[in-house]
Amino acid sequence: MLLDGLRIGFGFTGAYCVFDQVFPELQRVVNEGADVISIVSYQVATTDSRYGDAKDFLMKMEAITGLEPIQTIPHAEILNKQTEPLDALVIAPCTGNSLSKLADGATDTPVLMMAKELFRNNKPVILGIATNDGLGISAKSIAALLCTKNVYFVPFGQDNPIQKPSSLVAKFDETVPTIIASLRKEQLQPVLISF
């Protein structure tokens, strides 16, 4: 198994429209032997949308990982200070809002607090982006994070360039290869892909 013996955090932020693409990757990380802990933003923990109810998403995460998702900043902060800290953190989907906050060093959600803990320990943070403004206002955040130590991107591209020309979405099925590359301190290439 490719991730056997590793402790991986898997953070969900509020791009609910791609959760159906991300949950199989959460399962794949577990299947590859990792001990996986899910972490959610406050919005994911509480917001019902046309894509599903918060409680159902949380139950699905727990069913896959065997652990209740981390839902508060204090729990996120404590988790990584235990005797077995995380080896890596995946944030997928990572919204434009979370990209902006991460690029500016904000830690106002459990997911972003966990990212701060990983940076403090010189461990990789892997971003699987999903944002309608990736080639708009969020482009500057992506650029800043591309230059940030220990940040790695799941390869991404324009998912719908005609109808949503600023939208960028990760190729989520490249999550496991991106994790493996990040543990070698390498960015999986190519970063920019065609859908």
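Note: the structure precedes this text.
Let me begin by describing the structure that accompanies this report. Only a predicted model underlies this, so the values are computations on that prediction, with no experimental measurement involved. (Residues numbered from 1 in each chain as written. Predicted model: local features only at pLDDT ≥ 70, side-chain atom pairs only at ≥ 80, totals over all residues. Heavy atoms only, no water.)

Points about the packing of aromatic side chains
Between two aromatic rings, the relevant description is the distance of the centres plus the angle of the planes.
Okay, step 1: Counting across every chain of the model gives nine aromatic pairs.
Okay, step 2: Each ring, one from Phe 19 and one from Phe 23, has its centre 6.0 Å from the other, and the planes form 85 degrees; the classification is edge-to-face. Within this pair, Phe 19 and its partner Phe 23 are both found in helix α1 (residues 19-31), separated by four residues, close to a single helical turn. Just as Phe 19 is buried, Phe 23 falls in that class too. (Phe/Tyr/Trp six-rings, centres within 6.5 Å; stacked < 30°, edge-to-face > 60°. Helix = DSSP H or I, 4+ residues; strand = E, 2+ residues; numbered from the N terminus. Buried < 20%, exposed > 50% of the residue type's maximum accessible area, 1.4 Å probe, protein only.)

A closer look at α1
Okay, step 1: Over its 13 residues, α1 runs 18 Å from end to end, which matches the ideal 18 Å to within 8%, given 1.5 Å per residue.
Okay, step 2: For α1, the set of buried residues is Phe 19, Val 22, Phe 23, Glu 25, Leu 26 and Val 29. Taken down its axis, α1 places every buried residue within 160 degrees of arc, on the same side.
Okay, step 3: Those residues of α1 that are buried lie in contact with β1 (7-12), β2 (35-40), α2 (42-46), α3 (54-65), β3 (88-94) and α8 (175-183). (Expected span 1.5 Å × (residues − 1). Arc of directions from axis to C-beta. Contact = heavy atoms within 4.5 Å.)

Considering the pattern of salt bridges
Okay, step 1: Enumeration according to the criterion identifies eight salt bridges in this entry.
Okay, step 2: Here Arg 120 and Glu 117 are joined by a salt bridge, their closest N and O atoms 2.5 Å apart. Of this pair, Arg 120 and Glu 117 both sit in helix α6 (residues 110-120), three residues apart, which is roughly one turn of the helix.
Okay, step 3: Looking at Arg 120, the relative accessible area reads 49%, which means it is partly exposed.
Okay, step 4: The class of Glu 117 is buried, set by a relative accessible area of 4%. (Salt bridge = Lys/Arg side-chain N within 4 Å of Asp/Glu carboxyl O.)

Here's the deal with the side chain of Glu 25
Okay, step 1: Within the fold, Glu 25 resides in helix α1.
Okay, step 2: Side-chain polar atoms of Glu 25 contact the side chain of Arg 28, separated by 2.4 Å.
Okay, step 3: Every residue in contact with Glu 25, bar those within four places of it in the chain, is listed here: Phe 10, Phe 172, Asp 173 and Thr 175. (Polar contact = N/O pair within 3.5 Å; in protein donor to acceptor, adjacent residues only side chain to side chain.)

A closer look at the environment of Arg 50
Okay, step 1: Within the element layout of this structure, Arg 50 appears in the loop between α2 and α3.
Okay, step 2: Residue classification places Arg 50 among the exposed residues on the basis of a relative accessible area of 74%.
Okay, step 3: In this structure, the C-alpha to C-alpha distance between Arg 50 and Leu 127, residues 77 residues apart in sequence, is 24 Å.
Okay, step 4: Side-chain polar atoms of Arg 50 contact the side chain of Tyr 51, separated by 2.9 Å.

Brief notes about unusual backbone geometry
Phi is mostly negative for residues that are not glycine, and the peptide bonds are mostly trans.
Okay, step 1: Looking along the chain, the bond that leaves Ala 92 and enters Pro 93 is cis, with omega of -5 degrees.
Okay, step 2: A cis amide bond links Gln 189 to the next residue, Pro 190, at an omega of -10 degrees.
Okay, step 3: Within the fold, Pro 190 resides in the segment after α8.
Okay, step 4: Despite not being glycine, Asn 122 has its phi angle at roughly 60 degrees, a positive value.
Okay, step 5: By the secondary structure assignment, Asn 122 is in the loop between α6 and β4 (125-131).
Okay, step 6: For Asn 122, a relative accessible area of 37% puts it in the partly exposed group.

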